[in-house]
Amino acid sequence: MSVFSSLPLAPRDPVLGMTEAFLADPAPAKINLGVGVYQDEDGRVPVLDAVRQAQARLADDPRPYGYLPISGLPAYDEAVKRLIFGASGDLVAQGRVVTVQALGGTGGLRIGAGLLALVDPKAQVLVSDPTWENHQTLFQRAGFAVGTYRYLDAAARRIDVDGMVEDLGRAAAGSIVVLHACCHNPTGYDLAPADWDKVVAVCGQRDLVPFLDLAYQGFSQGIVEDADAVTKFALAGRPFLVASSFSKSFSLYGERVGAISCLTADADQSERVLSQAKVVVRALYSNPPTNGARLVATVLGDRGLRAEWENELTGMRDRVKGMRALLRAGLERAGVPGDLSYITAQTGMFSYSGLSQPQMARLRRDFHVYGLDSGRLCLAALNHGNIEAVVQAIAQVMA
């Protein structure tokens, strides 16, 4: 009798499982619009020039790869604070921002969940309906009960802002509200500035704990603009958390470079938060890796490299927007009925296409175009070489 005999088979991850199915497909002309990875015009994950130059500098100055502090590379943590809270006044100088290096944005979410479990393990976590699939699993595994708040009005192809605010207004005090700061995954529908004002207000009125997921900073409007939700919550003066990632914006997916940042009431509270966050990290993986943090810190700490990185990020953002426009125009030209303006109104790497599960299954089976059963398509994987095939496939399943 094995100790694992009673262990059930876990369901396949909806995103990574789709990639496994894609790789197993023997068709020579297949297209993967499932996984959330930016690809260039040649269908490759790019190495940014700013990162390449930072790599060269680090190679010219080799240093031992000793253990980093539990909280991460100090220069990296400081750079993250400035990048995310730079427009929020002097909160960093006041010692009110705690930042801990994490294993990607997912690691930041998990550290934050562990920290909040020390505060109130019985608090409910609320996520948007729909949300990134891993949100629910992550917080459930951290011991929280997870519910939802209204977000997408699928029929109207818009955010149900009134329903969202109403649901948050009914939430119990102390509830943790997971919010997509920009480039909502999976829908691509983002709150407008006036909508964020309503969300900030209701979180304050109901004494809720905002937890922002900032995985795509720079992929919607720009570095500063995409952190606008952070700035609004910061100016409101109440504590909140932000999980951030450089996987997309630096094209450093395999380096797992992320962070968890907390805004506290004062420097004394920050010291206590940091001490407990380090305990969470120590129990999970002891301390973070070095290379990715050094690369990001080098780029953000050098004026020239920082400017080059921002230009490259702008190029990636504009390329995705261009693919959105081409997809919409192609579908309209193919005679797909209805208003398709939602494709260009959405932001970030994803589009909630509105395709049903059977339609998505037909895309994979008949046309070897892979997307999630929810209808989410990663438009960052489109290019001029595959856009027409995707247009024709979608047009046929929507006919």
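Let us look at the structure shown here. What you see is a predicted model; the values in this text were computed from it and never measured.

1. Examining unusual backbone geometry
In the segment running from aspartate 129 into proline 130, the intervening peptide bond is cis, with an omega of 5°. Among the secondary structure elements, proline 130 is positioned in the loop between β3 (124–129) and α5 (133–141). Here the phi dihedral of aspartate 207 falls at roughly 60°; this positive angle occurs in a residue that is not glycine. Relative to the helices and strands, aspartate 207 resides in the loop between α7 (193–205) and β8 (209–214). What makes aspartate 207 partly exposed here is its relative accessible area of 40%. The backbone phi angle of histidine 368 is positive, close to 60°, even though this residue is not glycine.

2. Looking at the environment of aspartate 373
As for its placement among the helices and strands, aspartate 373 is situated in the loop between β12 (369–370) and β13 (376–378). The spacing of aspartate 373 and proline 46 is 327 residues in sequence and 27 Å in space, taken between C-alpha atoms. Residue contacts for aspartate 373: discarding those within four places in its chain leaves Met18, Ser356, Gln357, Met360 and Arg364. There is a polar contact of 2.8 Å between the side chain of aspartate 373 and the side chain of arginine 364.

3. Let's talk about the sheet that holds strand β10 (residues 257–263)
Pairing in this open sheet of seven strands is mixed, and the strands run β2-β10-β9-β8-β7-β3-β4 from one edge to the other. The open sheet terminates on both sides in strands that have one partner only, identified here as β2 (97–103) and β4 (145–150). Across this sheet, the average inter-strand angle for adjacent strands is 25°, counted without regard to direction. On top of the sheet, helix α10 (residues 267–284) reaches β2 and β10; it is set at about 10° to β2, its chief contact.

4. Considerations on the pattern of salt bridges
Evaluated as defined, the whole model comprises 18 salt bridges. One salt bridge in this structure joins arginine 150 and glutamate 166, with 3.4 Å as the shortest N-O distance. One end of the pair, arginine 150, is in strand β4; the other, glutamate 166, is in helix α6 (residues 161–170), with 16 residues separating them in the sequence. Judged by relative accessible area, which is 33%, arginine 150 ranks as partly exposed. The partner of glutamate 332 in a salt bridge is arginine 328, and the shortest N-O contact between them spans 3.0 Å.

Cut-offs used in this document
Residues numbered from 1 in each chain as written. Predicted model: local features only at pLDDT ≥ 70, side-chain atom pairs only at ≥ 80, totals over all residues. Heavy atoms only, no water. Helix = DSSP H or I, 4+ residues; strand = E, 2+ residues; numbered from the N terminus. Buried < 20%, exposed > 50% of the residue type's maximum accessible area, 1.4 Å probe, protein only. Contact = heavy atoms within 4.5 Å. Polar contact = N/O pair within 3.5 Å; in protein donor to acceptor, adjacent residues only side chain to side chain. Pairing = 2+ DSSP bridges. Axes fitted to C-alpha atoms, helices over the stretch in contact; angles between N-to-C directions. Salt bridge = Lys/Arg side-chain N within 4 Å of Asp/Glu carboxyl O.

None of the figures reported here should be taken as evidence of function without further support.
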